[in-house]
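Letter by letter, the chains look like this.
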Amino acid sequence: MRPAPSMTCSEPRASPSVLCCWTVGPYPPSQCPRHAPIPSPSRQEASRIMWYVSTRGIAPRVNFEGALFSGYAPDGGLFMPEELPQLDRETLCQWSTLSYPGLVKELCALFIGSELIPKDDLNDLIDRAFSRFRHREVVHLSRLRNGLNVLELWHGVTYAFKDLSLSCTAQFLQYFLEKREKHVTVVVGTSGDTGSAAIESVQGAKNVDIIVLLPKGHCTKIQELQMTTVLKENVHVFGVEGNSDELDEPIKTVFADVAFVKKHNLMSLNSINWSRVLVQMAHHFFAYFQCTPSLDTHPLPLVEVVVPTGAAGNLAAGYIAQKIGLPIRLVVAVNRNDIIHRTVQQGDFSLSEAVKSTLASAMDIQVPYNMERVFWLLSGCDSQVTRDLMEQFERTQSVNLPKELHSKLSEVVTSESVSDEAITQTMGRCWDENQYLLCPHSAVAVNYHYQQMDRQEPSTPRCCLAPASAAKFPEAVLAAGLTPETPAEIVALEHKETRCTPMRRGDNWTLMLQDTIEDLSRRWRGHALNASQ
């Protein structure tokens, strides 16, 4: 493979409030990557370390290990690569024959660096991460009638796409913890699937405790049982009387206390964590290589990837994949919690009055925090613009995107918002035409495909990402007039013992979270002291 060229920029680093992702130059403005990528193989060869900077530009840069353990940057931003490698045609053609795990290995090698994890170790970690997946391909493309391609991302332990990124992230975590002889406490807020996938990835680990906050009554019974039936000593589940956005507030408050985070070695495994976005880039590469008609044309053909999303992690991953050279067109599909749709269509990045409960419950999210990564990239990695935008949003919960930024967003992303009625109709139609059961989140994506097909307009090849198995959402399957198909291991959950601590309205959720974290730290110090004696 040729050395991956990178993008560089002459924007000065002197001001701490303006930190561009391209910090080497100088180049004339016409060659700045805001307009066109500039190959720089010698730069890539000279620097084997991939550095990460905050989207808000104040926090010091870190390597992959630092980004992995941080979650949010200390200045409240999200970590992004300081340089984006550029993949040439030859590299894409070589990658086109790789399996899904093979693509994850190549992408992780690019964005982690062999000085942190040698290539052989990295390959072993990724093989271990995918060893429990039910499908031999790990990710499988179902080719259905009328050009419908459904990329099944749900063959992991918890039947959801988050198993893919979290299984890898947990392996990276354990690798560094064992080398450093450290302990961390992972804090996760979930709308349904993240919590169970995160628990599965670290349950029983001796140097990791995990705290999960789930929105009581706002996720399905199966999703809740996948979390509350894990009784390992290092797993601590709280049932919050609130929605997924509300339970994120105490987590963000705790992580804003930099001294507390450092003292207790806190980290998050939500999709704010760069490691998860990195692995999710492989979804888009695999989708492209499976669906492209040919790699012999000039330029390479486009493939449309339809991304159902709530927090925009998969969207951010797709946009980064596009930026480094993958010829995809992105469509973002949401349920009636439509902040991303309104942002794309009107530049209206503002909260609705309340989160709406929908059949696609894992996407019942009002604050799509990974949009910050997208805004940062669209602004030419201008951290001042990004910080002003996000701080205004945090203060007022409403932002109108600058005209130029909105124009760029609507150029790179198409969007749609889907009602519960359309979800059930799509699930029914897909069953009638293919005898194939979609989960409600996958139906949000497939609904877009059916709309385009019914218009009978010529289109590029299209791939719909399927984030979860229908087996996790029997209520939605029944609402569509269909018969649920429930695997034996999911049925067995109903007969297992559960453990869950309530966080009630009126309780101080932040204090409860802090107390739990402090107790776990004391316990770990006690274990470490006993071990040393």
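No experiment lies behind these values; they were computed from the predicted model shown. (Residues numbered from 1 in each chain as written. Predicted model: local features only at pLDDT ≥ 70, side-chain atom pairs only at ≥ 80, totals over all residues. Heavy atoms only, no water.)

J.: Please explain the overall build of the protein chain as it appears in this structure.
T.: Helix and strand counts for the protein chain come out as 21 helices and 15 strands. Relative to its length of 533 residues, the protein chain is compact, with a C-alpha radius of gyration of 22 Å against a globular reference of 24 Å. Projected onto the principal axes, the alpha-carbon positions of the protein chain cover approximately 60 × 60 × 50 Å. Scored against the burial criterion, the 533 residues of the protein chain give a buried share of 62%. Here the contacts in the protein chain between residues at least 6 apart in sequence split such that 75% fall between residues at least 24 apart. Carbon and sulfur atoms provide 49% of the accessible area of the protein chain, an area that totals close to 20,600 Å². For the protein chain, the centre of its 49 positive side-chain charges and the centre of its 59 negative side-chain charges are spaced 3 Å apart. (Helix = DSSP H or I, 4+ residues; strand = E, 2+ residues; numbered from the N terminus. Rg over C-alpha atoms; globule rule 2.2 N^0.38 Å. Buried < 20%, exposed > 50% of the residue type's maximum accessible area, 1.4 Å probe, protein only. Contact = heavy atoms within 4.5 Å. Areas by Shrake-Rupley, 256 points an atom, 1.4 Å probe, with all protein chains shown as cover. Lys, Arg positive; Asp, Glu negative; His and termini not counted. Charge placed at Lys NZ, Arg CZ, Asp CG, Glu CD.)

J.: Even after reading the chapter, I still don't get the pairing of strand 9 (residues 303–308), so can you show me in this structure?
T.: Along a regular strand, successive side chains alternate from one face of the sheet to the other. In terms of burial, strand 9 is largely enclosed, as six of its six residues are buried. Residues V303, V305 and V307 point to one face of strand 9 and E304, V306 and P308 to the other, with burial holding for every one of them. For strand 9 and strand 10 (residues 328–334), the ladder comprises six bridges, and the chain directions are parallel. Across the sheet, the residue bridging to V303 is I328, located in strand 10. Taken together, strand 9, helix 12 (residues 313–323) and strand 10 form a β-α-β motif whose crossover is right-handed. In this structure, strand 9 lies alongside strand 14 (residues 462–466), joined through three bridges in parallel fashion. The residue of strand 14 that forms the bridge with E304 is R462. (Pairing = 2+ DSSP bridges. Right-handed = clockwise from strand over helix to strand, strands pointing away.)

J.: How should the packing of helix 6 (residues 162–180) against helix 7 (residues 193–202) be read in this particular structure?
T.: When two helices pack together, their arrangement is given by the angle between the helix axes and the distance between those axes. Direction vectors running N to C along helix 6 and helix 7 enclose 35°, while the axes themselves pass 9 Å from each other. Here helix 6 runs over helix 7; the crossing is right-handed. Across the interface between the two elements, K162, D163, L166, S167, A170 and L173 of helix 6 pack against D193, T194, A197, A198, S201 and V202 of helix 7. Partitioning the contact of helix 6 with helix 7 into residue classes produces six nonpolar, three polar and three charged. (Axes fitted to C-alpha atoms, helices over the stretch in contact; angles between N-to-C directions. Left-handed = near helix turned anticlockwise from the far one by under 90°. Nonpolar A, V, L, I, M, F, W, Y, C, P; charged D, E, K, R; others polar.)

J.: How should helix 12 be read in this particular structure?
T.: Residues spaced three or four apart along an α-helix point in a common direction, a consequence of the helix completing one turn every 3.6 residues. When you tally the buried positions in helix 12, you get nine out of eleven residues, the bulk of the element. Considered for burial, the residues of helix 12 that qualify are G313, N314, L315, A316, A317, G318, Y319, I320 and A321. Directly after helix 12, the chain includes G325, whose backbone phi takes a positive value near 125°.

J.: Could you clarify how one ought to interpret the environment of S191 in this entry?
T.: Structurally, S191 can be placed in the loop between strand 5 (184–189) and helix 7. Excluding residues within four positions of it along the chain, S191 makes contact with P215, H218, C219, S244, S361, A362 and I365.

J.: Got a minute to help me understand the sheet that holds strand 4 (residues 149–152) in this structure?
T.: Picture the strands of a sheet paired through backbone hydrogen bonds; they go either parallel or antiparallel. The strand order across the open sheet built from six strands is 3-4-14-9-10-13, with neighbouring strands paired in mixed fashion. Strands at the two margins of the open sheet, each flanked by one partner only, are strand 3 (140–143) and strand 13 (413–417). Across the sheet, the mean angle from the axis of one strand to that of its neighbour is 25°, orientation sign disregarded. Running at roughly 140° to strand 9, helix 11 (residues 274–291) makes contact with strand 3, strand 4, strand 9, strand 10 and strand 14 of the sheet. Where helix 18 (residues 440–454) meets the sheet, its contacts fall on strand 4, strand 9, strand 10, strand 13 and strand 14, and the angle it forms with strand 14 comes to roughly 160°.

J.: What's the story with the nonpolar core in this structure? I'm lost.
T.: Nonpolar side chains tend to gather and get buried jointly when the protein is soluble and globular. Ranked by size, the top nonpolar core spans 118 residues in total, and within it F64, Y100, F111, F172, W274, M281 and F285 carry the most contacts. Top contributing element to this core by residue count: helix 11, with twelve residues. F111 has contacts with M50, Y52, F64, P81, L84, P85, W274, L278, M281 and I324, leaving out every residue within four places of it along the chain. Among the nonpolar cores identified, the runner-up in size contains 33 residues, and A443, Y450, A468 and F473 belong to it. (Core = buried A, V, L, I, M, F, W, Y, C linked by side-chain atoms within 4.5 Å.)

J.: I'm lost on the pattern of salt bridges in this one. Help?
T.: It is possible for side chains bearing opposite charge to pair when their charged atoms get close. All told, the structure shown has 19 salt bridges when counted by the stated rule. Between E200 and R132 there is a salt bridge whose closest N-O contact spans 3.3 Å. Highlighted residues: E200 in helix 7 and R132 in the loop between helix 5 (119–129) and strand 3, separated in sequence by 68 residues. Judged by relative accessible area, which is 17%, E200 ranks as buried. Close ionic contact of R329 with E304 constitutes a salt bridge, the shortest N to O distance being 3.4 Å. (Salt bridge = Lys/Arg side-chain N within 4 Å of Asp/Glu carboxyl O.)

J.: What's the story with empty space enclosed by the protein in this structure? I'm lost.
T.: It is a probe the size of a water molecule, rolled over the atoms, that shows where empty space is left. Within the structure shown, the criterion is met by two cavities of 30 Å³ or more. Taken as a whole, the largest cavity spans an internal volume of roughly 320 Å³. Along the wall of the largest cavity there are 28 residues; nearest its centre are K162, S191, A311, A362 and I365. Looking at the lining of the largest cavity, the elements with two or more residues in it are helix 7, helix 9 (244–256), helix 11 and helix 12. Around the second largest cavity sit R336, N337, D338, I339, R342, S352, A354, K356, I365 and Q366, which together line it. Of the residues that constitute the lining of the second largest cavity, the class distribution is three nonpolar, three polar and four charged. (1 Å grid on protein atoms, 1.4 Å probe; cavity = no way out; pocket = protein on both sides within 12 Å on 5 of 7 lines; lining within 4 Å. Points joined across faces, edges and corners; volume = space filled by probe spheres on them.)

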